[in-house]
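Spelled out, the chains give:
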Amino acid sequence: MDINNGFEKFFSGRWIAGAHIEDALEVAKKFNSKNITAIINYLGEAIRDKDKIEATVDRYLFIISKIKENNLNAEISLKPTQLGLGFDEKLLFDSYAKIVGEARRNNIFVWLDMEENNFVDDTIKLYYSQINSKNTGICIQAYLKRSIIDVKDITKKDGIIRLVKGAYKESSDVAFQDMEEITKNYVELMRYLFENSKRFMIATHDLSIIELAKNLNKIYNRTIEYAMLNGIRNRYAVRLAKEGKNVYIYVPFGEQWTKYAYRRLREGGHALLILKSLFEKQSID
Ligand SMILES: Cc1cc2nc3c(=O)[nH]c(=O)nc-3n(C[C@H](O)[C@H](O)[C@H](O)COP(=O)(O)OP(=O)(O)OC[C@H]3O[C@@H](n4cnc5c(N)ncnc54)[C@H](O)[C@@H]3O)c2cc1C
């Protein structure tokens, strides 16, 4: 589907910068002007074609060069299945190493997104292959029952965690289903991070969690980063940045936007809120 046309443009444009790198750079620049760092993601997942994976790696290397050239405050975030997870392990590890290496040379931070539950072990293994680079972090999902074990293990190894609730449909064997339970687990994991980690990212639009994090940080005084997705609570993010907090906005771009938009749409069944966020002004000008 062409993101630059009609309905798709209206629908996806609230969340997705556009089809091209220039669109993402433009959005990043706007957020930078409000003291917010962009986390740029080139949309794409479940790629099972060597040429396409290599093209994706080249695209990320190009993004890194553009961030540098434009002197932007921006990080990047990768989906392991766009680099070969579930398809070709060697290509996956080489691709991640290549991107992290180039990003390190340019002083840019690289996040690993977390995808479906069956990829968690391999994603953590991938992360550990570059953990010593120090310019890379990993997303952990609070809806997964296993996450406390992963958070402890990653924290012990001095890893950097971006904590989210989780966006995929998972079975009750592996994941909490009830939003209250998910939020409770999020708070437990977050408390663990406050007690045991020096630096981590609170990635949520849940204002009660953000308020709690602010209060906990008065006690723990950690380097925490607050992150949100583009188009959900942009104006709130600007307010948070004005308070002097480290704020990040995840900015996806590219043609492969449907799965991303679908996940936003089904987000916890917040149908009314989603409609509200679609129609509400998200402009930060
Ligand atoms: C920076 C960042 C990176 C992420 N990376 C990943 C990842 O790698 N893997 C992964 O599985 N998930 C990822 N997510 C998504 C995350 O797992 C959740 O699906 C998403 O953030 C919604 O959960 P929430 O914490 O905002 O809480 P919720 O309880 O779902 O939402 C809290 C409030 O935020 C508002 N809100 C939330 N979502 C929407 C929406 N779509 N439209 C309108 N309003 C909304 C509503 O007011 C809602 O009441 C990421 C999220 C962020 C912010």
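Scroll up to find the structure.
Residues numbered from 1 in each chain as written. Predicted model: local features only at pLDDT ≥ 70, side-chain atom pairs only at ≥ 80, totals over all residues. Heavy atoms only, no water.

Peer 1: Go over the sheet that holds strand E5 (residues 161-164) with me, naming the residues and quoting the values.
Peer 2: Taking strand neighbours around the barrel as the criterion, the eight strands line up as E1-E2-E3-E4-E5-E6-E7-E8 in a closed arrangement whose pairing is parallel. Each strand of the sheet is rotated relative to its neighbour by a mean of 30°, with strand direction disregarded. Helix-sheet contacts for helix H6 (residues 147-156) involve strand E4 (136-141) and E5, and the interaxial angle to E4 is about 165°. (Pairing = 2+ DSSP bridges. Helix = DSSP H or I, 4+ residues; strand = E, 2+ residues; numbered from the N terminus. Axes fitted to C-alpha atoms, helices over the stretch in contact; angles between N-to-C directions. Contact = heavy atoms within 4.5 Å.)

Peer 1: Would you mind going over the nonpolar core in detail, with residue names and values included?
Peer 2: Core analysis: the largest hydrophobic core is formed by 94 residues, its most contacted members being Ile40, Ile63, Ile76, Leu78, Ile99 and Met190. Looking at this core element by element, the count peaks at eight residues for helix H7 (residues 179-196). With residues near it in sequence (within four places) discarded, Ile63 still touches Ile21, Ile40, Tyr42, Ile76 and Phe253. (Core = buried A, V, L, I, M, F, W, Y, C linked by side-chain atoms within 4.5 Å. Buried < 20%, exposed > 50% of the residue type's maximum accessible area, 1.4 Å probe, protein only.)

Peer 1: So what about the pattern of salt bridges? Which residues, and what values?
Peer 2: Inspection of the entire model under this criterion finds 16 salt bridges. Between Lys90 and Asp94 there is a salt bridge; the shortest N-O distance is 2.6 Å. In this pair, Lys90 and Asp94 are both assigned in helix H4 (residues 89-105), four residues apart and thus about one turn of the helix distant. On the accessibility criterion, Lys90 (59% relative accessible area) is exposed. Residue Asp153 pairs with Lys157 through a salt bridge whose shortest N-O separation is 3.2 Å. A relative accessible area of 30% places Asp153 in the partly exposed class. Here the salt bridges do not stand alone but share partners, grouping Lys79, Asp113 and Arg162 into one network. (Salt bridge = Lys/Arg side-chain N within 4 Å of Asp/Glu carboxyl O.)

Peer 1: Would you mind going over the side chain of Thr204 in detail, with residue names and values included?
Peer 2: Secondary-structure assignment places Thr204 in the loop between strand E6 (199-203) and helix H8 (207-220). For Thr204, a relative accessible area of 7% corresponds to the buried category. Separated by 2.9 Å, the side chain of Thr204 and the backbone nitrogen of Asp206 make a polar contact. What Thr204 contacts, discounting residues up to four positions off in sequence, is Lys165, Tyr186, Ile209, Ile210, Ala227 and Met228. (Polar contact = N/O pair within 3.5 Å; in protein donor to acceptor, adjacent residues only side chain to side chain.)

Peer 1: Would you mind going over H7 in detail, with residue names and values included?
Peer 2: Helical periodicity: at 3.6 residues per turn, an α-helix aligns residues three or four positions apart in one direction. Here H7 spans 25 Å end to end across 18 residues, near enough to the 26 Å set by a 1.5 Å rise per residue. Listed as buried for H7 are Ile182, Thr183, Asn185, Tyr186, Val187, Leu189, Met190, Tyr192, Leu193 and Phe194. In this fold, the buried residues of H7 make contact with H6, E5, E6, H8 and strand E7 (223-229). (Expected span 1.5 Å × (residues − 1).)

Peer 1: Give me helix H5 (residues 120-130): which residues, what numbers.
Peer 2: Those residues of H5 that fall on the buried side of the exposure criterion are Val120, Thr123, Ile124, Leu126, Tyr127 and Gln130. Along H5, the residues classed as buried sweep out an arc of 155° about the axis, all on the same side. In this structure, the buried residues of H5 make contact with H4, strand E3 (110-112), E4 and H6. (Arc of directions from axis to C-beta.)

Peer 1: Residue-level account of unusual backbone geometry, with values.
Peer 2: A negative phi holds for most residues other than glycine; trans holds for most peptide bonds. Positive phi is not limited to glycine here, since Asn35 has a value of about 65°. As for its placement among the helices and strands, Asn35 is situated in the loop between helix H2 (21-32) and strand E1 (36-42). Positive phi, normally seen in glycine, also occurs at Asn107, with a value near 65°. With respect to the secondary-structure elements, Asn107 resides in the loop between H4 and E3. Among the residues examined, Asn107 registers a relative accessible area of 70% and is labelled exposed.

Peer 1: I'd like to hear about the packing of H4 against H5, residue by residue, with values.
Peer 2: Contact geometry of H4 with H5 gives a least axis separation of 10 Å together with a crossing angle of 45°. Relative to H5, the element H4 is oriented oblique. Both H4 and H5 take part in a crossing whose hand is right-handed. In this structure, H4 contributes Glu89, Leu92, Phe93, Tyr96, Ala97 and Val100 to the contact, and H5 contributes Lys125, Leu126, Tyr127, Ser129 and Gln130. For the contact of H4 with H5, the class distribution of residues is seven nonpolar, two polar and two charged. (Parallel < 35°, antiparallel > 145°, perpendicular 65-115°, else oblique. Left-handed = near helix turned anticlockwise from the far one by under 90°. Nonpolar A, V, L, I, M, F, W, Y, C, P; charged D, E, K, R; others polar.)

Peer 1: I'd like a description of the pairing of E6, backed by residues and values.
Peer 2: In terms of residue burial, E6 counts as a mostly covered element, since four of its five residues are buried. Of the pairings in the sheet, the one linking E5 to E6 comprises three bridges and is parallel in character. Residue pairing across strands places Leu163 opposite Ile202, the latter belonging to E6. In terms of handedness, the path from E5 via H7 over to E6 forms a crossover that is right-handed. By the bridge criterion, five bridges tie E6 to E7 in an arrangement that is parallel. Its bridge partner being in E7, Arg199 is matched across the sheet by Thr223. On the question of chirality, the crossover connecting E6 to the parallel E7 by way of H8 is right-handed. (Right-handed = clockwise from strand over helix to strand, strands pointing away.)

By themselves, these are just geometric observations and shouldn't be taken as functional.
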